[in-house]
Amino acid sequence: MAQAQQTAVKHDAIYSVNQFNLWYGQDHALKDVTFDIPQNQVTAIIGPSGCGKSTFIKSLNRMVEMVPVVKMAGSINYKNKNIFDPKYQVEELRTNVGMVFQKPNPFPKSIYENVVYGPKIHGIKDKQTLDSIVEKSLKSAALWDEVKDRLHENAFGLSGGQQQRLCIARSLAIEPDVILMDEPTSALDPISTLKIEELVQSLKEEYSIVIVTHNMQQAARISDKTAFFLNGEVIEYDDTNQLFSNPSDQRTEDYITGRFG
Amino acid sequence: MSSIDKQLIQRQMGKRTFQNKLLKALFFMCIVFSILVLGVLIIRVITQGFTHLDWDFLTSFASRFPEEAGFKAAIVGSLWLMVIVAPVSIFLGVGTAIYLEEYAKDNRFTRFIQMNISNLAGVPSVVFGLLGLTFFVRLMEMGRSIMAGGLTLSLLILPIIVVAAQEAIRSVPNDQYEASFAMGASKWQTVRRIVLPSAIPGILTGSILALSRAIGETAPLLMIGALTFIAYLPENVWDGFTVMPIQIFNWTGRPQEEFHLVAASGILVLLFLLIIMNSIAIYIRNKFSKRY
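Sequence order as written defines the numbering, with residues in each chain counted from 1. By the order in which they are written, chains take letters starting at A while ligands take numbers starting at 1. In keeping with the model being predicted, local features are shown solely for residues with a pLDDT of at least 70 and side-chain atom pairs are shown and tallied solely at 80 or more, while totals for entire chains, interfaces and linings include all residues. Just so you know, side-chain values use all the structure's heavy atoms and leave hydrogens and water out.

A.B. asks: Just checking my understanding: could you explain the domain arrangement of chain B for this structure?
C.D. replies: All names here are of chain B. Just so you know, the domain bounds were taken from an automatic or database domain assignment. Each assigned domain of chain B is listed with its residue range as follows: domain 1 (6-49) and domain 2 (56-288). On a C-alpha basis, the centroid separation for the pair domain 1 and domain 2 is 35 Å. For the pair domain 1 and domain 2, the summed buried surface comes to about 460 Å²; carbon and sulfur atoms form 77% of the total. Two parts placed together each lose some accessible area; with a 1.4 Å probe, that loss summed over both constitutes the buried area. Broken down residue by residue, the surface that domain 1 buries against domain 2 is led by Val45, Gln48 and Gly49, which jointly contribute 84%. A pair is scored as a salt bridge if a Lys or Arg side-chain nitrogen falls within 4 Å of a carboxyl oxygen belonging to Asp or Glu. There are zero salt bridges connecting domain 1 and domain 2. Side-chain atoms alone can form a polar contact between residues adjacent in sequence; in general such a contact is a pair of N or O atoms within 3.5 Å, and within protein one must be able to donate a hydrogen while the other accepts it. Run the count over domain 1 and domain 2 and you get one residue pair in polar contact (both at pLDDT 80 or more). Of the residues that constitute the side of domain 1 that touches domain 2, the class distribution is two nonpolar, two polar and no charged. Residue classes follow a fixed rule: Ala, Val, Leu, Ile, Met, Phe, Trp, Tyr, Cys and Pro count as nonpolar, while Asp, Glu, Lys and Arg count as charged, and any other residue, Gly among them, counts as polar.

Have a look at this one:
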């Protein structure tokens, strides 16, 4: 781990996770998680089902608090501020940290209204500004050409892959710094998956991305850093190339070579 | 050695299918009986009611003479009552539902409230009448007014609206909340922009059905002392009033046979209004309900 910490310093850390523990009731779901998430990089989180990777990514924007029996200890610093500080405004955090979910979850509104949802709740009313936000966000999400002629049709008319890109566009519309993606391609077909992967690559120019995936090839293809979770612990965190070609922990090697999980 | 005896299964097959057919017939009899009773009721009311149902009936006041008796004061009184009941009960009911579903923590107090709302829905309406009489009419000195009657009926249908609104709110999928919160929306913004638009068809349907229950209520209004015979229209919410079911009740209590026919006409008007309200509820449910 000491070596991994060293290599992580190359990019500035946007998140710094320190001795973070989380319990669902009696169930100890995350144990002493400690690592830095670099800025403008893609950080992949891999691990078998139930290892706490979804819980971890939901902790980064405090969505985990929607579960009533959750308890936490330790700290997660976002830009050097502890997000679990009672004075920290969760709405402000989530304005800076967007999230894309496992299942596409557009609102039952038009494509246009889906994208402007975020800007509108933050008080932007000017029609021209909103129009340009819609165009910019949909272009960034590589969806503009497919939907530009039907912006005012219901988002449910889109295919699953298009819906997921719409959800990405929706989270881009409030210009966050970080985008959290919780298995964004697990409900999609291979072609849509490829499109989202290409999109992630292009988005890291402007955004820091954390992506949970149970597809190891995907992690290897698109991420710069990879953290391997097992039973709520971070077993290994390193440059993706390093972790996949030369893992330092036997359990990591067993997992990425498919011996379990 | 098979553990399933194929011959035994064969032998029991006939018995099982016969049982199925028998019960199907029984359930069919149940619905035939209900429809038959309803049909007899409607036919009787229509054949009797149409004898008096004309424009004069709708525009005249009540009278000692059956041929001159009209329904005007009762219709207007019922409408006045709705002016109070609809906004008060929907506002209180939806507000309560939003608080219970979105803001209340899941603790003993919340569960206690929740349980009592369900209990309240089962309290006989005459008890609400007593509450209205002691609280609104006497304690708050509203007198036997539309205001007192309207507030009493609002309380009566409040639990129905709360439960309907809660169910409508609960049917909004969790991923919609997640999407909104993840964007930095506050709870109220999420409720207003995501939850209510999806829940409103359900809320309106429940509210209209509750209102149609209120419009047919007699007992609580008799308790608070709504009038049974008035020959003027209420001018504001502090005036005395009568409503359709009370007028009908009054007519059926008269010794003259003629008045029973007048009552049937009144029932027709009331039924017509109820059908309209229920149709609106069904229309709203089909037209605006969203699928996920």
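A.B. asks: I keep staring at the environment of B:Ser212 and nothing clicks. Help me out?
C.D. replies: Residue and element names in this part refer to chain B. Strands here are runs of E lasting at least two residues and helices are runs of H or I lasting at least four, both read from the DSSP assignment and numbered beginning at the N terminus. Position of Ser212 relative to the elements: it lies in helix α8 (residues 187-215). Whether two residues touch is decided by their heavy atoms; if any such pair falls within 4.5 Å, the residues are in contact. If we skip the residues at most four places from it in the chain, Ser212 touches Leu274, Met277 and Asn278. A polar atom in the side chain of Ser212 sits 2.8 Å from the backbone oxygen of Leu209.

A.B. asks: Explain empty space enclosed by the protein to me, please; I cannot follow it from the model alone.
C.D. replies: Over the atoms, a rolled probe matching the size of one water molecule traces out where space is still vacant. Grid points spaced at 1 Å over the protein atoms alone were grouped into cavities, where a 1.4 Å probe fits but cannot get out, and pockets, open sets with protein on both sides within 12 Å along at least five of seven lines, with lining residues defined by an atom within 4 Å of a point. Grid points are joined across faces, edges and corners, and a volume is the space filled by probe spheres set on the points. Counting across every chain of the model gives one cavity of 30 Å³ or more. Computed from the structure, the largest cavity encloses a volume of approximately 60 Å³. In terms of lining, the largest cavity is formed by A:Gly98, A:Met99, A:Phe101, A:Cys167, A:Arg170, A:Ser171, A:Ile174, B:Ala179, B:Ala182 and B:Met183. When residues in the lining of the largest cavity are grouped by element, the largest group, three residues, is from helix α7 (residues 160-172) of chain A. When grouped by side-chain class, the residues that make up the lining of the largest cavity number seven nonpolar, two polar and one charged.

A.B. asks: What's the story with the interface of chain A and chain B in this structure? I'm lost.
C.D. replies: How big an interface is tends to be reported as the loss of accessible area on association of its parts. Taken together, the 26 residues of chain A in the interface contact 21 residues of chain B. For the chain A and chain B pair, buried surface summed over both sides reaches about 1800 Å², with 63% attributable to carbon and sulfur atoms. Counting the surface chain A buries against chain B, the share from its top three residues, A:Pro108, A:Tyr117 and A:Ile121, is 28%. Notably, a salt bridge pairs B:Asp175 with A:Lys103, separated by 3.5 Å at the nearest N-O pair. On inspection of chain A and its partner chain B, the count reaches five residue pairs in polar contact (both at pLDDT 80 or more). Listing elements by their share of the side of chain A that touches chain B, those giving two or more residues are α3 (90-96), β6 (97-100), α4 (111-121) and α7 of chain A. A per-element tally of the side of chain A that touches chain B places α4(A) first, with four residues. Of the residues assigned to the side of chain A that touches chain B, the class counts are 12 nonpolar, seven polar and seven charged.

A.B. asks: What's the story with helix α10 (residues 244-252) of chain B in this structure? I'm lost.
C.D. replies: Residues and elements named next belong to chain B. The cut-offs for exposure are 20% and 50% of the maximum accessible area for each residue type, with area from a 1.4 Å probe on protein chains only; residues under the lower value are buried, those over the upper are exposed, and the others partly exposed. Of all the nine residues making up α10, seven are buried; the element is thus mostly covered by neighbouring parts of the structure. Here α10 has its buried residues at Met244, Pro245, Ile246, Gln247, Ile248, Asn250 and Trp251. As for α10, its buried residues are in contact with α2 (55-59), α3 (72-103), α8, α9 (219-224) and α11 (257-288).

A.B. asks: Which parts of the structure should I look at to understand the packing of helix α7 (residues 174-181) of chain B against α8(B)?
C.D. replies: Two quantities define a packed helix pair, namely the angle between the axes and the distance from one axis to the other. All names here are of chain B. α8 packs onto α7 with a crossing angle of 130° between their chain directions and a minimal axis gap of 10 Å. If you check the angle between α7 and α8, you find them oblique. Judged by the twist between their axes, the crossing of α7 over α8 is right-handed. Seen from α7, the contacting residues are Gln176, Tyr177, Ser180 and Phe181; seen from α8, they are Lys187, Thr190, Ile194 and Val195. Interaxial angles span 0 to 180 degrees and are taken between N-to-C directions of axes, which are lines fitted to C-alpha atoms, for helices over the stretch in contact. Angle categories are assigned with fixed cut-offs, so that under 35 degrees is roughly parallel, over 145 is roughly antiparallel, 65 to 115 is roughly perpendicular, and the rest are oblique. By definition, any crossing whose near helix is turned counterclockwise from its far helix by less than a right angle is left-handed, and any crossing with a clockwise turn is right-handed.

A.B. asks: Would you take a moment to explain the packing of aromatic side chains for this structure?
C.D. replies: The geometry of an aromatic ring pair comes down to the distance between the two centres and the angle between the two planes. Two rings from Phe, Tyr or Trp (for Trp, the six-membered ring) form a pair when their centres sit within 6.5 Å of each other. Planes less than 30 degrees apart are called stacked, planes more than 60 degrees apart edge-to-face, and all others tilted. Under the defined criterion, the tally for this structure stands at 13 aromatic pairs over all chains. Here a set of aromatic residues connected by ring pairs shows up, and it is made of A:Phe35, A:Phe56, A:Phe229 and A:Tyr237. Against the face of A:Phe107 rests A:Arg170, its NZ or CZ located 4.5 Å from the ring centre. Positioned above the aromatic ring of B:Tyr103 is the side chain of B:Lys187, whose terminal nitrogen or guanidinium carbon lies 6.0 Å from the ring centre. Criterion for a charge above a ring: Lys NZ or Arg CZ within 6 Å of the ring centre, and within 35 degrees of the ring normal.

A.B. asks: Got a minute to help me understand the sheet that holds β6(A) in this structure?
C.D. replies: Adjacent strands of a sheet form backbone hydrogen bonds with each other and so pair up, either parallel or antiparallel. Residues and elements named next belong to chain A. Spatially, six strands are ordered β6-β7-β8-β3-β9-β10 in an open sheet, and the strand pairing comes out mixed. Looking at strand neighbours, the two that pair on one side only are β6 and β10 (233-239), the edges of this open sheet. Sheet twist, expressed as the average angle between the axes of neighbouring strands with direction ignored, equals 15°. Judged from the four bridges that link them, strand β3 (residues 42-46) and strand β9 (residues 225-230) form a sheet pairing that is parallel. Bridged to Ala44 within β9 is Thr226. With respect to the sheet, α7 is in contact with β6 and β7 (178-182), its orientation differing from that of β6 by roughly 170°. For two strands to pair, DSSP has to find at least two bridges joining them.

A.B. asks: So what exactly am I meant to see when it comes to the pattern of salt bridges here?
C.D. replies: If the charged atoms of two oppositely charged side chains come close together, the side chains can form a pair. All names here are of chain A. Inspection of every chain in the model, using the stated rule, returns 17 salt bridges over all chains. Note that Asp224 and Lys204 form a salt bridge whose closest N and O atoms lie 3.0 Å from each other. Here Asp224, found in the loop between α9 (216-222) and β9, pairs with Lys204, found in the loop between α8 (190-203) and β8 (208-212); they are 20 residues apart in sequence, far enough to count as distant.

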